[in-house]
Amino acid sequence: MIREQGLIEFALTLESIGSQVGFKISARGWCYQLESLRVINKDQFNLVENVINECRDKGYLPIDFVAEEEARKFSGVEKPEDESPVRYMRRYLEGARNCQEWYCPDWWDGEEYYIQMVVEKIDLKTLFEPVCEKYHIPIATSKGWSSKLQRAEYARRFKEAGDRGLKCVLLYCGDHDPDGLRISDFLKKNLYDLRNIMWSDGTEGYDPRNLIIDRFGLNFDFIEANNLTWIDNLITASGKNLASPTHPNYHLPYVQDYLAEYGARKCEANAIVPIPDIARALCRESIERYLGADALDRFEAKRQRIRDELSDFRERTGLDEAIKTAIRLIDEGGKNGG
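Keep in mind the model is a prediction, meaning the values are calculated, not measured.

K.L.:
Before we move on, can you summarise the overall build of the chain with the specific residues and values?
P.N.:
Each helix and strand in the chain was counted, giving 13 helices and four strands. C-alpha extents for the chain along the principal axes are approximately 80 × 60 × 40 Å. Looking at the chain as a whole, 44% of its 338 residues are labelled buried. Considering only contacts within the chain whose residues lie at least 6 apart along the sequence, 73% involve residues at least 24 apart. Looking at the chain as shown, the accessible area adds up to about 18900 Å², and 50% of this sits on carbon and sulfur atoms. Treating the 47 positive side-chain charges of the chain as one cloud and the 58 negative ones as another, the clouds have centres 2 Å apart.

K.L.:
Tell me about the pairing of strand β3 (residues 167-173), and please be specific about residues and values.
P.N.:
For β3, the buried fraction is high: six of the seven residues fall into the buried class. With five bridges joining them, β3 and strand β4 (residues 212-217) adopt parallel strand pairing. Bridge pairing links L170 to I213 in β4.

K.L.:
I'd love a proper account of the nonpolar core, names of residues and values included.
P.N.:
Inside soluble globular proteins, nonpolar side chains tend to come together where they are buried. One finds M117, F128, I272, I287 and L291 to be the most contacted residues of the largest nonpolar core, which totals 81 residues. Contacts of I287, omitting those with residues within four sequence positions, involve I115, M117, V131, Y135, I137 and L171. Grouped together as the second largest cluster of nonpolar side chains are five residues, V86, L93, I327 and I330 included.

K.L.:
Any details on the environment of R284? Residues and values, ideally.
P.N.:
With respect to the element layout, R284 can be found in helix α11 (residues 276-291). For the pair R284 and K134, spaced 150 residues apart in the sequence, the C-alpha separation amounts to 9.7 Å.

K.L.:
Help me get a handle on helix α5 (residues 122-134), residues and values and all.
P.N.:
With 13 residues, α5 extends 19 Å from end C-alpha to end C-alpha; this agrees with the ideal 18 Å at 1.5 Å per step. A bend of about 50 degrees at F128 is the largest found in α5, and the proline P130 appears one to four places after it. Residues I122, D123, L124, L127, F128, V131 and C132 constitute the buried set of α5. Check the buried side of α5 and you find it contacts α2 (27-36), β1 (113-119), β2 (139-141), β3, β4 and α11.

K.L.:
Which residues make up unusual backbone geometry, and what values go with them?
P.N.:
Cis rather than trans, the peptide bond between G217 and L218 has omega equal to -15 degrees. Tracing the backbone shows L218 in the loop between β4 and α9 (220-225). For H136, which is not glycine, the phi dihedral falls at a positive 60 degrees. Phi at N227 is positive, roughly 55 degrees, even though this residue is not glycine.

K.L.:
Please provide a residue-by-residue account of the pattern of salt bridges, values included.
P.N.:
Across all of its chains, the model carries 33 salt bridges by this definition. In this structure, K58 and E4 form a salt bridge, with 2.8 Å as the shortest nitrogen-oxygen distance. Of this pair, K58 sits in the loop between α3 (45-57) and α4 (85-98) while E4 is found in helix α1 (residues 2-21), placing the two residues 54 residues apart along the sequence. Looking at K58, the relative accessible area reads 39%, which means it is partly exposed. According to the relative accessible area criterion, E4 is partly exposed, its value standing at 22%. Close ionic contact of R316 with D312 constitutes a salt bridge, the shortest N to O distance being 2.9 Å. A residue pair is termed a helical-turn pair when its members lie 3 or 4 positions apart in one helix, as R316 and D312 do in helix α12 (residues 295-317) at four residues. Put simply, R87, R90, E94, R97, D320, E321, K324 and D331 are held in one network by salt bridges that share partners.

Parameters at a glance
- Residues numbered from 1 in each chain as written.
- Predicted model: local features only at pLDDT ≥ 70, side-chain atom pairs only at ≥ 80, totals over all residues.
- Heavy atoms only, no water.
- Helix = DSSP H or I, 4+ residues; strand = E, 2+ residues; numbered from the N terminus.
- Buried < 20%, exposed > 50% of the residue type's maximum accessible area, 1.4 Å probe, protein only.
- Contact = heavy atoms within 4.5 Å.
- Areas by Shrake-Rupley, 256 points an atom, 1.4 Å probe, with all protein chains shown as cover.
- Lys, Arg positive; Asp, Glu negative; His and termini not counted.
- Charge placed at Lys NZ, Arg CZ, Asp CG, Glu CD.
- Pairing = 2+ DSSP bridges.
- Core = buried A, V, L, I, M, F, W, Y, C linked by side-chain atoms within 4.5 Å.
- Expected span 1.5 Å × (residues − 1).
- Bend = angle between axes of the 7 residues up to and from the residue.
- Salt bridge = Lys/Arg side-chain N within 4 Å of Asp/Glu carboxyl O.

Below you can see the structure in the form of structure tokens.
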């Protein structure tokens, strides 16, 4: 009974924090949140994830309380339509009148830079997606060192952009700790390792020698300016402490350089999740450093050209009036309207 009461109180606490965050984060992301609040250490993450999932199993937390990893979602799930075929067609007729809003123009035509973004954790992807969507920038999680195929895919997009004369930029945001800084430093090397690959359609690999890699977070000045939480240890997910002389990497230069400059502390990238407006402003400023403050105006101009072209076509062909008539007949319950 005491344990159950503890689970309920734990669930209520998470829901309270979640209401302030404003969007779903993964079970792992909740561990980072609790670590930043000094409630747990990184070597307790697995235990806390299990407790969160137990609360979901028992109904103390909604089953959809956490964000699901895309790789774990089912594909091929079909749901029967709950409207008649004619009413269903009506939506497509409306779509024909509004398809200019969905048509994807070549956003990068006439641009100087082509940008992609990689972040270390799913919660940062969720946080930054609304900004990246506005600027038409692909974003993905790296999951630490990132998979070989993931690297090859964004390298291919860089190759295509580079072949068009665009300057390629990879924006990166991750933890501020010895390995987090090291990951960003090695991104270009990881791409170099794939420069000699060949795709099944004959496309060759990408040479990243001219790629601009911009690690825009988390950086020391931003952490200090926004009073983000420093965690006073360098415990890794394996439970080992990088700040301990017994750790096999302790004497390596990257660890010693970090300790000399920042001490035995770290700041997890998830620390910006509770300040979404500031975090998204950081993301937007990093993008506009390359695209400029008028980028959205340029993209909107491209969208408007599509609107004008399709509007002119519908007017010239009488298509717009024909669609309006069909929709009116359906709404009036015309033949087979249902």
